[in-house]
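Tertiary structure, described
Next come the chains, spelled out residue by residue.
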Amino acid sequence: MKIQIPPYVHQFPAPALLIGCGTIESPNLITCSWFGTVCSEPPMVSVSIRESRFSYPLVKESGEFTVNIPRIADLDAVIHCGTKSGRDTDKFDDLKITPVACHPLKSAPMIEEFLLVLGCQVKQDIKLGSHSIFIAEIVSIHCEEDLVKPNGKADPFPEEQIVYLDKRFWIPKLMK
Ligand SMILES: Cc1cc2nc3c(=O)[nH]c(=O)nc-3n(C[C@H](O)[C@H](O)[C@H](O)COP(=O)(O)O)c2cc1C
């Protein structure tokens, strides 16, 4: 027999991504799992950011962010960027990673050492409550040459991506 419990979020697997914002000179990274694919033509994604985050005004004012896709080996970076604030520390410096330009974005940095990065331009932002959602078009994809498949798309290294569910990190496994 089911009983009814109060509503909340966190029931589904989500990615854990490093969102790049700010500028090359003053870059920041925030770990976000409240992220989704929302349209294929044009290709669009969404990310929800709490307004109190240091990253929030950086994305809001520039209208840009990058989506840096971590691998299992990057879990420490995911945790660091999800627990430290850019107000207090330079996360690129802490992690010894390099902020580089993400053409055609004007300011938001991407992580040079990551294999697959999306450059995104915000089209709409909506205040929801605790978080605001940024709906953005993917205007560029930057990936290591070796990852490009014959069909011109990038291999998204599915078995190496990090899944976030129930406040814990999981490793995806091929079923079919
Ligand atoms: C796995 C994980 C997922 C997170 N997802 C989000 C998210 O989707 N939106 C958000 O606002 N904060 C999210 N956070 C919290 C921020 O990453 C965290 O508060 C971070 O320190 C904010 O950095 P900033 O102050 O430099 O912006 C997440 C944290 C973790 C560890």
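See the structure printed just above.
No experiment lies behind these values; they were computed from the predicted model shown. (Residues numbered from 1 in each chain as written. Predicted model: local features only at pLDDT ≥ 70, side-chain atom pairs only at ≥ 80, totals over all residues. Heavy atoms only, no water.)

So, about the packing of aromatic side chains. Following the criterion strictly, the structure yields two aromatic pairs and no others. With 5.6 Å between their ring centres and 45° between their planes, Y56 and F134 make a pair best called tilted. Placement of the pair is Y56 in helix α1 (residues 55-62) and F134 in strand β10 (residues 131-143), with a sequence separation of 78 residues. There is no split in this pair, since Y56 and F134 are both buried. (Phe/Tyr/Trp six-rings, centres within 6.5 Å; stacked < 30°, edge-to-face > 60°. Helix = DSSP H or I, 4+ residues; strand = E, 2+ residues; numbered from the N terminus. Buried < 20%, exposed > 50% of the residue type's maximum accessible area, 1.4 Å probe, protein only.)

What follows concerns unusual backbone geometry. At the junction of E41 and P42, the peptide bond is cis and its omega measures out at 0° in the coordinates. Mapping P42 onto the fold places it in the loop between β4 (35-39) and β5 (44-50). In the segment running from H103 into P104, the intervening peptide bond is cis, with an omega of 5°. When you line up the elements, P104 lands in the loop between β7 (99-101) and β8 (109-111).

As a further point, take the pattern of salt bridges. The full count for this structure, using the stated rule, is five salt bridges. Two residues, K60 and D125, come together in a salt bridge whose shortest N-O distance is 2.7 Å. With a gap of 65 residues between them, K60 in helix α1 and D125 in strand β9 (residues 116-127) connect regions that are remote in the sequence. The class for K60 is partly exposed, based on a relative accessible area of 41%. (Salt bridge = Lys/Arg side-chain N within 4 Å of Asp/Glu carboxyl O.)

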